[in-house]
Amino acid sequence: MVYDTVDDLITLGVSKVYRASMVDKPKVAIDFVEGDFKSYFNALEKMLESNNGGKGYIVGKQLTYADLMVFVYLNMFDQLVGPHLKGKDPYKTIPLVKKLKERVGKHPKVKEFYFERENNNKEFIA
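Numbering of residues starts from 1 in each chain and follows the order in which that chain's sequence is written. Given that the model is predicted, a residue must reach a pLDDT of at least 70 before its local features are reported, and side-chain atom pairs must reach 80 or more before they are shown or counted; all residues, however, enter totals for whole chains, interfaces and linings. Only hydrogens and water are removed before side-chain values are computed, so all heavy atoms of the structure are retained for them.

Topic: the packing of aromatic side chains
Classification of ring pairs uses Phe, Tyr and Trp, with its six-membered ring standing for Trp, and accepts pairs whose centres are within 6.5 Å; under 30 degrees between planes counts as stacked, over 60 as edge-to-face, and the remaining range as tilted. Counted according to the given criterion, the structure contains 7 aromatic pairs. A centroid spacing of 4.6 Å and a plane angle of 45 degrees characterise the contact between Phe37 and Phe41, whose relative ring orientation is tilted. Linking Phe37 with Phe41, this pair stays in helix H2 (residues 25-50), spanning 4 residues, or about one helical turn. For the pair Phe37 and Phe41, a shared accessibility class is recorded, and that class is buried. When the ring of Phe37 is compared with that of Phe77, the centres are 4.4 Å apart and the planes differ by 15 degrees; the resulting orientation is stacked. Every helix listed is a DSSP run of H or I at least four residues long, and every strand listed is a run of E at least two residues long, numbered separately from the N terminus. Exposure classes here rest on a 1.4 Å probe applied to the protein chains alone. A residue is buried below 20% of its type maximum, exposed above 50%, and partly exposed in between.

Focus: the layout of surface pockets
Throughout, the protein atoms alone are placed on a 1 Å grid, and a set of points is a cavity if a 1.4 Å probe fits but cannot get out or a pocket if it is open with protein on both sides within 12 Å along at least five of seven lines; lining residues have an atom within 4 Å of a point. Grid points are joined across faces, edges and corners, and a volume is the space filled by probe spheres set on the points. Size it by volume and the largest pocket reaches roughly 200 Å³. Taken together, Val33, Glu34, Phe37, Lys38, Phe41, Asn42, Lys88, Asp89, Pro90, Lys92, Thr93 and Ile94 make up the lining of the largest pocket. Residues belonging to the lining of the largest pocket are distributed by class as follows: 5 nonpolar, 2 polar and 5 charged. Each residue is assigned to one class: nonpolar for Ala, Val, Leu, Ile, Met, Phe, Trp, Tyr, Cys and Pro, charged for Asp, Glu, Lys and Arg, and polar for all the others, Gly among them.

Regarding the pattern of salt bridges
By definition here, a salt bridge exists when the distance from a side-chain nitrogen of Lys or Arg to a carboxyl oxygen of Asp or Glu is within 4 Å. On inspection of all chains with the given rule, the structure shows 3 salt bridges. Across the pair Lys88 and Glu34 runs a salt bridge whose closest N-O atoms are separated by 3.1 Å. Of this pair, Lys88 sits in the loop between helix H3 (65-80) and helix H4 (95-106) while Glu34 sits in helix H2, and the two are 54 residues apart along the sequence. With a relative accessible area of 42%, Lys88 lands in the partly exposed category. A relative accessible area of 46% places Glu34 in the partly exposed class. Taking the shortest distance from any N to any O, the salt bridge between Asp78 and Lys101 comes out at 2.8 Å. Taken as a pair, Asp78 in helix H3 and Lys101 in helix H4 lie far apart in primary sequence, 23 residues in all. Take Lys101: its relative accessible area is 19%, and that puts it in the buried class.

Right, dumping it as structure tokens:
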């Protein structure tokens, strides 16, 4: 369920913002955040709240593929959509989702992966 929804959000929002003209990007980004993004992440916020008051992960107490999907999606969202939101905070109404993103990002294996990826990509940046 989480995977399919995240996949849909990439198509519904991130790719639309990416393909929009520079003039249209802010409107497309804000419309997406106030529509599909808000609907999905408000529902996820409730799921997180029902799991140990939002202190755990999406399912249970351990990191799962669903958490990783949300983490990767939100990082992509922050890079591709975030700059076009004109100061709007998409996480304002979903603090538990924001904390989940931070928690997953601090996971030792996730940190290790991103550290290695950043260092390996430096060879290709001229």
